[in-house]
Amino acid sequence: MGTTNTQGRLKVAKNTDAETMIVATNLTKTYGDFKAVDGINFTVRKGESFGLLGPNGAGKSTTMKMIAATSQRNGGDLLILGKDPNKSGPEIRAHLGVVPQQDNLDRELKVWENLMIYGRYFGLSRKFLKGKIEELLEFAQLVEKRNSKTEELSGGMKRRLTIARGLVNEPEILMLDEPTTGLDPQARHILWDRLFRLKELGVTLVITTHYMDEAEQLCDRLMVMDKGKIMAEGSPSELIKKYSSKEVLEVRFGSDNNATVAEQIAGIGERLEILPDRILVYAENGEKALEEIVKKGLHPVTSLVRRSSLEDVFLRLTGRTLVD
Amino acid sequence: MSLNVSTENKMTWTGAKTIVDPQRGIRRGAFYVAENRIRTMLKWWPAIIAFGLGNPTLYLLSIGIGVGSLVDKSLGANAIDHVSYLTFLAPALLATAGIQGAMDEVTWPTLEGFVWDRTFFSMNSTAISGKQIANGVMLAAMARCVLQVFMYELCLLAFGAITVQSIPILLLVSSSAGLGFASIMLAFSASIKDDDNMFALVGRFIITPMFMFSGTFYPITSMPIYLQWIAWISPQWHATNLGRALSYGMPIEPWLLIIHWSVFLIMALIGFNWAHRVFERRLSA
Ligand SMILES: Nc1ncnc2c1ncn2[C@@H]1O[C@H](COP(=O)(O)OP(=O)(O)OP(=O)(O)O)[C@@H](O)[C@H]1O
Ligand SMILES: [Mg+2]
């Protein structure tokens, strides 16, 4: 099931023979005249963990909703589990797990009831769900809250419940739109660990996030989006290699001086990025770059040399920092 | 900060391919939605019973008996249709109960599902389609409608306003009116973007006049002719007239019988068609 479509397979045959889960060709979504997703192409294979990065409004959630076989595309082709969502939406959705950006739990129902009714929507038996609910409460660390109404939960607890709910049908593809927003650091790490286990079980993950550490930890492959288009695609390390230098020197001269200093140190390193509070110098060797700056008689208030990260890739591609 | 990552989570995992039969959800989606709606309603069952029986009792005590004896006194007993005023009133009250009961369970839940809680969007991320959500909401509303009418009938029976034999047909007539009107309201509620003031307007300018000018308290023939058209487009009047004819045998032209039933049917057809389109469109935006 889900693998019978030859068209989807042919398109990715060049890459691998692993089962293809999602194939998007020139995928487009418009709202009125506005193109929220503007002709993007990508493929996701079985067992892969695929990440969507991009600033606010890039079109990540819109893309996720189309893959979730709910939002209808306005152009291009889309195959999910080998089927066209325009024709086989319910069949596709039966095998997907969806964690939307906005929690949409049923406020009037208790925690366990939310899992129960959601499972019922997939036609799962009450008997099966009884056992499943116990596992999921455990998964979401909400065992003690089983009888609370969802409106009594904290923001992070709601998020965990929404994630657990998305697993009730043991989906082939799990779609997570900013899963860890609102989670405390411990809950985030537990979630990463558990998502990693799901991946080992062969579950395909599609994740959007604004946290670069999350993207580096969880995703085998990333797609950076901006204004509805794909800016870059590759594994985290490939992207860093391609779009950033090996090291980054961060120097601060005080907010008022950054602009003037930047003119003086132009030419040092491969590239400069001037942020409101600091200057980033991209260089093969950060220490050397710092020496050159000091040689010019400039003395930064603080300086720091670090390895390039996805954060730098993101800044380069979208001109925006992630966390403002 | 301690990151005490407990990894003790035993997940059994067979996979959706094996455990989920898509066809099952596709066949029975509407019932799952109704199941959820009824589960939510049942949380309020004491209130549903208390209002379902208490409201009619109080109403019948004050208006029915009080006004009834006044009418009977001034016009002479059994002046309208040769039955007591309460018997004349009963089909109209049941029509109101049916329409109101069904309407309450489509309007608020639909606004909640699309706007407040967005629960319809979570239903729609499973195998369930927009059409099935609309049908499921309607199904649960009809369960509530039938229950509400039935409780009203028990009260009317206790007051001697209807006979036991007329219970099934009056139930059918009132619920059909409820179905017709509620399906239009289902579509209408689904079209509301986020403004619940719309309901207040609809209440004031459509529903209240509908009840006022539908021959509830007196035959529409005693209304001025320029107001009678309101009755003709009101399911309340069609249900009242039909109920009177079929319960205590108010004389009625046969063609009018067909018209009454057709009105409910046509409203339901238009309502469902419209609702299905709005639900599908809104969920796939
Ligand atoms: N229902 C809608 N109607 C009109 N415009 C929409 C709708 N949904 C999204 N958009 C627009 O489409 C664009 C992409 O939105 P989307 O939600 O996909 O962004 P995103 O990448 O998920 O952003 P964020 O990081 O803020 O979640 C935005 O400009 C948004 O305003
Ligand atoms: Mg988003």
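Conventions we followed
Residues numbered from 1 in each chain as written. Chains lettered and ligands numbered in written order. Predicted model: local features only at pLDDT ≥ 70, side-chain atom pairs only at ≥ 80, totals over all residues. Heavy atoms only, no water. Phe/Tyr/Trp six-rings, centres within 6.5 Å; stacked < 30°, edge-to-face > 60°. Helix = DSSP H or I, 4+ residues; strand = E, 2+ residues; numbered from the N terminus. Buried < 20%, exposed > 50% of the residue type's maximum accessible area, 1.4 Å probe, protein only. Contact = heavy atoms within 4.5 Å. Buried area = accessible area lost by both parts, 1.4 Å probe. Salt bridge = Lys/Arg side-chain N within 4 Å of Asp/Glu carboxyl O. Polar contact = N/O pair within 3.5 Å; in protein donor to acceptor, adjacent residues only side chain to side chain. Disulfide = S-S within 2.5 Å. Near = heavy atom within 4 Å. Areas by Shrake-Rupley, 256 points an atom, 1.4 Å probe, with all protein chains shown as cover. Nonpolar A, V, L, I, M, F, W, Y, C, P; charged D, E, K, R; others polar. Donors = N, O, S within 2.8 Å, 3.2 Å for Na, K, Ca; no water. pLDDT = per-residue confidence, 0-100. Core = buried A, V, L, I, M, F, W, Y, C linked by side-chain atoms within 4.5 Å. Lys, Arg positive; Asp, Glu negative; His and termini not counted. Patch = residues over 30% accessible without salt bridge, like charges linked within 9 Å, V, L, I, M, F, W, Y side chains within 5 Å.

Attention now goes to the packing of aromatic side chains. Residue and element names in this part refer to chain B. Under the criterion given, the structure shown has 11 aromatic pairs over all chains. When the centroid spacing of 5.6 Å and the interplanar angle of 35° are considered together, the rings of Phe120 and Phe279 count as tilted. You can see Phe120 sitting in helix α5 (residues 119-124) and its partner Phe279 sitting in helix α11 (residues 254-283), a full 159 residues away along the chain. For the pair formed by Phe120 and Phe279, the shared burial category is buried. Aromatic side chains Trp232 and Trp237 sit 4.8 Å apart centroid to centroid with 55° between the ring planes, which places their arrangement in the tilted category.

Quick look at the interface of chain B and chain A now. On the chain A side, the residues contacting the 48 residues of chain B number 55 residues. Summed over both partners, the interface of chain B with chain A buries about 4700 Å², with 54% contributed by carbon and sulfur atoms. Here chain B is connected to chain A by seven salt bridges. Put simply, B:Asp117 and A:Arg107 hold a salt bridge, and the shortest N to O gap is 2.8 Å. Remark: the boundary between chain B and chain A carries 20 residue pairs in polar contact (both at pLDDT 80 or more). Listing elements by their share of the side of chain B that touches chain A, those giving two or more residues are α1 (16-19), α2 (22-42), α4 (85-116) and α5 of chain B. When residues in the side of chain B that touches chain A are grouped by element, the largest group, 10 residues, is from α2(B).

All names here are of chain B. Applying the stated rule across the entire model yields zero disulfides over all chains. Note on Cys155: no disulfide assigned, nearest cysteine sulfur contributed by Cys145 at a separation of 16 Å. Residue Cys155 is classed as buried on the basis of its relative accessible area of 7%.

Residues and elements named next belong to chain A. For ligand 1, the set of nearby residues contains 14 residues, the closest of which are Asn56, Gly57, Lys60, Ser61 and Thr62. Residue Ala58 places a main-chain N or O atom 3.1 Å away from an oxygen atom belonging to ligand 1. One of the side-chain nitrogen or oxygen atoms of Lys60 is found 2.7 Å away from an oxygen atom of ligand 1. Its free accessible area being 640 Å², ligand 1 has 64% of it covered by the protein chains. Looking at the shell around ligand 1, the elements with two or more residues in it are β2 (34-45) and α2 (60-67). Sort the elements by how many residues they give to the shell around ligand 1 and α2 lands first, with three residues. Among the residues making up the shell around ligand 1, the classes are represented as five nonpolar, seven polar and two charged.

This brings us to the coordination of the magnesium ion (ligand 2). Residue and element names in this part refer to chain A. Protein-derived ligands of the magnesium ion (ligand 2) are Ser61 (OG) and Gln101 (OE1), with the metal-ligand distances lying across 1.9 to 2.1 Å. Of this pair, Ser61 sits in helix α2 while Gln101 sits in the loop between β5 (96-99) and α4 (111-121), and the two are 40 residues apart along the sequence. Take Ser61: its relative accessible area is 17%, and that puts it in the buried class. On the basis of relative accessible area, Gln101 is assigned to the partly exposed category, the value being 41%.

On to the confidence of the model for chain B. Of all residues in chain B, 95% have pLDDT values of 70 or greater, and the mean over the chain is 89. This complex was scored by the predictor with a pTM of 0.88 and an ipTM of 0.85.

Right, let's talk about the nonpolar core for a bit. If you look at the biggest cluster of nonpolar residues, it comprises 123 residues, and the most contacted ones within it are A:Leu174, B:Ile133, B:Leu156 and B:Phe279. Counting residues per element, this core draws most heavily on α4(B), at 15 residues. Setting aside anything within four residues of it in sequence, one finds B:Phe279 in contact with B:Thr110, B:Phe114, B:Phe120, B:Gly130, B:Ile133, B:Ala134, B:Leu186 and B:Ala190. In terms of nonpolar packing, the next biggest core, distinct from the first, is built from 27 residues, A:Ala58, A:Leu96, A:Met223 and A:Met225 among them.

The next point concerns the side chain of A:Lys29. Among the structural elements, A:Lys29 can be located in strand β1 (residues 20-31). Buried and unpaired, A:Lys29 has no salt bridge, with B:Glu280 as the nearest side chain of opposite charge at 12 Å. Side-chain polar atoms of A:Lys29 contact the side chain of A:Ser71, separated by 3.2 Å. If we ignore the near neighbours within four places in the chain, the residues touching A:Lys29 are A:Phe34, A:Lys35, A:Ala36, A:Val37, A:Thr62, A:Met66, A:Ser71, A:Gln72, A:Arg73, A:Asn74, B:Ser284 and B:Ala285.

Attention shifts here to a nonpolar patch on the surface. All names here are of chain B. Among the surface-exposed residues, Ile38, Leu42, Trp45, Ile49, Leu53, Phe150 and Leu154 lie close enough to one another that they form a single nonpolar patch of about 600 Å² accessible area. Breaking the nonpolar patch down by element, the ones donating at least two residues are α2, α3 (45-75) and α6 (130-158). Tallying contributions element by element places α3 first for the nonpolar patch, with three residues. Along the chain, Leu42 turns up in helix α2.

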